[in-house]
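Topology and contacts: notes
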Amino acid sequence: MLTTSLEEAERIPADEVPKLLHELQVHQVELEIQNEELRQAQIELAHSRDRYSDLYEFAPVGYLTLDQQGVIEQANLTAATMLKVDREKLVGRKFSDFVSDESQDIWHLHRRDVFAGEKATACELVMTSRYGLSALFQIRSIAFVDEQGRLKRFRMAIADDTEKRIAFNALKRLNIGLDESLSKQSSELERNIEQVRLLSEAMAHLGEGVMITEDGLDWPGPQIVYVNHAMCKMSGYDAEELIGKTPRILQRDATDIESLKMIRHELRMGNVCNIELVSYHKEGTPYDVELFITPLFDTVGNRTHFVSIQRDVTRRKRLAEDLRREHEVNRNILETSQSVTLVLDTEAKIVEFNPYLEKITGWKYDEVKGRDWFETFLPDADRVAINRVFQNALAGNITQGIVNPILTKSGQQRYIEWF
């Protein structure tokens, strides 16, 4: 209608003018609403642009836009900070200026791969130290199509992996150290296991009985946790019959109560105990046993177990008793014999003699013990000859049937025949 000429507008009927005015007012309101929506959209777009700018500028990684030759066209503040160059001086520089010599070939191949397709391409570059850098960068790039539809530029994200690599290398060294330590500990553990096995084998086949009990001296006593073969053979019990029981299973009427009290006392004091005791075979036969008991402690000094080495001394005690009785018989024979029994050392000093010599000479043993036999009992005229016979006896020759006088305490002579 606005484009209609005034003449045509004048021909509009008067009754249509209000309707037309109303339509114009409605249209004006619609335009104002649309204008408000456009203003809101513009504000939101400005906020979005600011957010994008903040995210772009202060992202934790560097963003750069480069042309096909690798010249920097755009960079965010993070990229400039990472490359340690003002952003104004960064634009127009080749990114290769910041790449170390050892990574130049990698950078060249990376740019070629970027424009070979539309996939993102990644690599690692060691940055040069000429710009104060000595770092490892993780690079990820992708080419994009320009207004003419050509792949002439690419965007690149860079991240400093130096600390990560340092941590990785440290972790790698730590892992290597742990592997070496574990290998060493494993070898040491294997050696310890082998030593334990050897000790276990040695203990199992030891000729002496071995019994290991838990710690605990109160009634009913410590439980048995280990016995070797010799202990089973000595007691007549199988290992399964002894383990879990207390040593009281081997004690009965003839076991000395006072000896048991002494064992408990010594072990409570933390001492080693060595004692002889009467134990009982499974069949009820008593036997004499020599016990050597010692406490065992853990690494912090707490007592954990007792180990006892047991030796059956029944035969030894029987032999000792037989020897004692035999000695007593021999002593009685010598004491009552009507022949002189005389013991001299190699220097003819008196060591011992029986009462019959006291009877015939009047000398008491205590009076002449340790004195020279020849000077004390032989007349001067016979000493040299008899001493010669004595020396012949020292040479290993048996001397018998020699008759010579000896002197009594009163000076009288009595003749003896000696062998």
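Reading the values: the criteria
Residues numbered from 1 in each chain as written. Predicted model: local features only at pLDDT ≥ 70, side-chain atom pairs only at ≥ 80, totals over all residues. Heavy atoms only, no water. Helix = DSSP H or I, 4+ residues; strand = E, 2+ residues; numbered from the N terminus. Rg over C-alpha atoms; globule rule 2.2 N^0.38 Å. Contact = heavy atoms within 4.5 Å. Areas by Shrake-Rupley, 256 points an atom, 1.4 Å probe, with all protein chains shown as cover. Expected span 1.5 Å × (residues − 1). Patch = residues over 30% accessible without salt bridge, like charges linked within 9 Å, V, L, I, M, F, W, Y side chains within 5 Å. Salt bridge = Lys/Arg side-chain N within 4 Å of Asp/Glu carboxyl O. Buried < 20%, exposed > 50% of the residue type's maximum accessible area, 1.4 Å probe, protein only. Pairing = 2+ DSSP bridges. Phe/Tyr/Trp six-rings, centres within 6.5 Å; stacked < 30°, edge-to-face > 60°. Axes fitted to C-alpha atoms, helices over the stretch in contact; angles between N-to-C directions.

**Regarding the overall build of the protein chain**
- Secondary structure summary: the protein chain contains 14 helices and 14 strands in total.
- Here the C-alpha atoms of the protein chain give a radius of gyration of 58 Å, more than 25% beyond the 22 Å that 2.2 N^0.38 yields for 419 residues.
- Dimensions of the protein chain, computed from C-alpha atoms along their principal axes, come out at roughly 195 × 60 × 35 Å.
- Partitioning the contacts of the protein chain with sequence separation of at least 6, the portion at a separation of at least 24 is 40%.
- With the model as given, the accessible surface of the protein chain reaches about 28100 Å², and the carbon-plus-sulfur share is 54%.

**Considerations on helix 9 (residues 257-268)**
- Helix length check: helix 9 (12 residues) gives 17 Å between terminal C-alpha atoms against 16 Å at 1.5 Å per residue, within 8%.
- Where helix 9 is buried, its residues meet strand 8 (273-280), strand 9 (286-297) and strand 10 (303-312).
- Just beyond helix 9, the residue with positive phi is Gly270, at close to 80°.

**Looking at a nonpolar patch on the surface**
- Taken together, the side chains of Leu171, Leu174, Leu178 and Leu182 present a nonpolar region at the surface, about 380 Å² in accessible area.
- Take Leu182: it is sitting in helix 6 (residues 162-204).
- The exposure class assigned to Leu182 is exposed, which follows from its relative accessible area of 52%.

**Considering the pattern of salt bridges**
- One pass over the full model with this rule turns up 20 salt bridges.
- Two residues, Asp215 and Arg303, come together in a salt bridge whose shortest N-O distance is 2.7 Å. Separated by 88 residues along the polypeptide, Asp215 in the loop between strand 6 (209-214) and strand 7 (224-227) and Arg303 in strand 10 bring together distant segments of the chain.
- Using a relative accessible area of 32% as the deciding quantity, one classes Asp215 as partly exposed.
- Judged by relative accessible area, Arg303 falls into the partly exposed class, the value being 26%.
- Between Asp380 and Arg383 there is a salt bridge, with the nearest N and O atoms lying 2.9 Å from each other. Taken together, the positions of Asp380 and Arg383, both in helix 14 (residues 380-394) and 3 residues apart, correspond to about one turn of that helix.
- You can call Asp380 exposed: its relative accessible area is 58%.
- Salt bridges sharing common partners tie together Glu208, Glu276, Asp288, Glu290, Arg311, Arg316 and Lys317.

**What to know about the pairing of strand 8**
- Judged by how many residues are buried, strand 8 sits mostly within the fold: 6 of 8 residues are covered.
- As paired strands, strand 8 and strand 9 are joined by 8 bridges and run antiparallel to one another. Among the inter-strand pairings, Ser279 is bridged to a residue of strand 9, identified as Tyr287.
- Where strand 8 folds back on strand 9, the antiparallel hairpin that results is connected by 5 residues, among which Gly284 adopts a positive phi of roughly 100°.

**So, helix 14**
- In this model, helix 14 (15 residues) spans 21 Å end to end at C-alpha, consistent with the 21 Å of a helix rising 1.5 Å per residue.
- One or two steps after helix 14, the chain reaches Gly396, where phi turns positive at roughly 105°.

**Re the packing of aromatic side chains**
- For the coordinates displayed, the defined rule picks out 7 aromatic pairs.
- Here the aromatic rings of Phe353 and Tyr365 are separated by 5.4 Å at their centres, their planes lie at 85°, and the arrangement is edge-to-face. With Phe353 in strand 12 (residues 350-353) and Tyr365 in helix 12 (residues 365-368), the pair connects residues that are 12 residues apart, well separated along the chain.
- A relative accessible area of 8% places Phe353 in the buried class.
- For the ring pair Phe374 and Phe390, a centre distance of 5.5 Å and an interplane angle of 70° mean the geometry is edge-to-face. Of this pair, Phe374 sits in helix 13 (residues 373-377) while Phe390 sits in helix 14, and the two are 16 residues apart along the sequence.

**Focus on the sheet that holds strand 8**
- Strand order across the open sheet formed by 5 strands is 7-6-10-9-8, with antiparallel pairing between neighbours. Each of the sheet's edge strands pairs with one partner strand only, and the pair in question is strand 7 and strand 8. Going across the sheet, the axis of each strand differs from the next one's by a mean of 30°, ignoring polarity.
- Helix-sheet contacts for helix 9 involve strand 8, strand 9 and strand 10, and the interaxial angle to strand 8 is about 140°.
- Across the sheet, helix 10 (residues 314-336) is in contact with strand 8, strand 9 and strand 10; its angle to strand 9 comes to roughly 125°.

**Things to note about the sheet that holds strand 1 (residues 62-67)**
- Ordered by their spatial adjacency, 5 strands build an open sheet running 2-1-5-4-3, and the pairing between neighbours is antiparallel. At either end of the open sheet lies a strand with only one pairing partner, and these are strand 2 (72-75) and strand 3 (121-126). On average, adjacent strands in this sheet sit at an angle of 25° to one another, irrespective of strand direction.
- The pairing of strand 3 with strand 4 (residues 136-145) spans 6 bridges and is classified as antiparallel. Counterpart to Thr121 in the pairing with strand 4 is Ser141.
- Contacts from helix 5 (residues 104-114) reach strand 1, strand 3, strand 4 and strand 5 (151-160), with the element oriented near 165° to strand 3.

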